[in-house]
Amino acid sequence: MDGAHRAALQLQQLPPASSADPVSEASFSYKENLIGALLAIFGHLVVSIALNLQKYCHIRLAGSKDPRAYFKTKTWWLGLFLMLLGELGVFASYAFAPLSLIVPLSAVSVIGRYILSFVGCGLAIVGTYLLVTFAPNSHEKMTGENIIRHLVSWPFLLYMLVEIILFCLLLYFYKERNANNIVVILLLVALLGSMTVVTVKAVAGMLVLSIQGNLQLDYPIFYVMFVCMVATAIYQAAFLGQASQMHDSSLIASVGYILSTTVAITAGATFYLDFLGEDVLHVCMFALGCLIAFLGVFLITRNRKKAIPFEPYISMDAMPGMQNMHDKGMTVQPDLKASFSYGALENNDNISEIYAPATLPIMQEEHGSRSASGVPYRVLEHTKKE
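Residues numbered from 1 in each chain as written. Predicted model: local features only at pLDDT ≥ 70, side-chain atom pairs only at ≥ 80, totals over all residues. Heavy atoms only, no water.

As recorded by an unreviewed UniProt entry, the protein carries the name NIPA like domain containing 3 and is attributed to Phocoena sinus. Listed under Subcellular location (unreviewed entry) in UniProt, the entry text for the protein is "Membrane". Under the Sequence similarities (unreviewed entry) heading, UniProt states for the protein: "Belongs to the NIPA family." (UniProt positions renumbered as here; feature names shortened; annotations may be inferred.)

Participant: I'd love a proper account of the UniProt feature "transmembrane region" (unreviewed entry) in the protein, names of residues and values included.
Facilitator: Residues annotated in UniProt with the feature "transmembrane region" (unreviewed entry) correspond here to residues 35–54, 75–94, 114–135, 156–174, 180–209, 221–239, 251–273 and 280–300. Spanning residues 251–273, this segment combines 91% helix with 0% strand, and its end C-alpha atoms are found 32 Å apart. (Helix = DSSP H or I, 4+ residues; strand = E, 2+ residues; numbered from the N terminus.)

Participant: Run through the environment of methionine 206, naming residues and quoting values.
Facilitator: Relative to the helices and strands, methionine 206 resides in helix H8 (residues 182–211). The class of methionine 206 is buried, set by a relative accessible area of 0%. Along the backbone, methionine 206 and tyrosine 219 are 13 residues apart, and their C-alpha atoms lie at a distance of 9.6 Å. Discounting chain neighbours no more than four positions away, the residues touching methionine 206 are Met142, Gly144, Ile147, Gln216, Tyr219, Ile221 and Phe222. (Buried < 20%, exposed > 50% of the residue type's maximum accessible area, 1.4 Å probe, protein only. Contact = heavy atoms within 4.5 Å.)

Participant: Help me get a handle on the packing of aromatic side chains, residues and values and all.
Facilitator: Considering all chains together, one arrives at 9 aromatic pairs under this definition. By the ring-pair criterion, three or more aromatic residues cluster together here, those being Phe156, Tyr159, Phe271 and Tyr272. Above the face of the tyrosine 272 ring, lysine 201 is positioned so that its terminal group lies 5.7 Å from the ring centre. (Phe/Tyr/Trp six-rings, centres within 6.5 Å; stacked < 30°, edge-to-face > 60°. Lys NZ or Arg CZ within 6 Å of the ring centre and 35° of its normal.)

Participant: Report on the packing of H8 against helix H9 (residues 220–246), specifying residues and quantitative values.
Facilitator: Relative to each other, H8 and H9 sit at 150 degrees, their axes nearing to 8 Å. Comparing their axes, H9 and H8 come out roughly antiparallel. Crossing of H8 against H9: the hand is left-handed. For the contact of H8 with H9, the residue count by class is 23 nonpolar, 5 polar and no charged. (Axes fitted to C-alpha atoms, helices over the stretch in contact; angles between N-to-C directions. Parallel < 35°, antiparallel > 145°, perpendicular 65-115°, else oblique. Left-handed = near helix turned anticlockwise from the far one by under 90°. Nonpolar A, V, L, I, M, F, W, Y, C, P; charged D, E, K, R; others polar.)

Encoded structure:
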């Protein structure tokens, strides 16, 4: 009777415990999502400010006579410090929130870097709100065992096989066939970037667990992920630099964001199973947020003013008296009936009065006396009349 009574008490205590666990887990996952999203937004904004500071430093040095190098200025070092701080914030965000939430938030850096159009800015903000609200709530501890288990799972192995084949084909067409299309180059960047974000989340998660007391640095998978993270980041930057030499930066920003975000979300959903257990409505709203953010970034970069290349010419409005030349119907050809000086495109007699040209009159030489040693030529002084 006592055993039966104790079993009945245990059965009565189980339902409240099971009903409280989902609520606490949901609140905990929401807090982690919020922390990760805020860290990512903060990091991307700081990186955008840092890039603008360094660009301002280069422009100021180029337009002045300052002989200093850019790395000897305080502004450039401040930009470098802010860039490292922002990248550290983005790196830490992967340890708290799912990869599918952190990757699309890079639209914040595009918003802060370009002159905004109101429609594009509004769409990017709405898309970011939907991404944060309907992001997946998968929060798995990044232990060595879990990472190895995901690494050898058949969905990720199949994804890796498809990605390696696609990467080799694109690299062949890019190197051997000279396929310099922007989609080809940025797709190579996106494929490498998907592996970068997967390894960054693994490394960041294992570092956070190690700091919390659960040491993960003795697992060899940590160092494998770290090497893959560094290698893919280096090659990704190399391809991105080649793309920036051949195509416009605004086009790279929009197309690169769309391709990199799509491939990275696919890689994260395959490796970390971010959307496992999510209902259809949340997945559709998350996809809608991605599409709205894509459209916003495209409109922002599309409305950016293109830089006018420098051409060595003399502006007509920089000449005296020539500001309204075309409005008055005046011709560019100077009037040959009046006095004019070379380089001036209008009749201005007061200039010829101020500057008298130098002349070289020829003195006739006496041919009869060969012993004359006089100077045959005499140069008149060039005087300026007041």
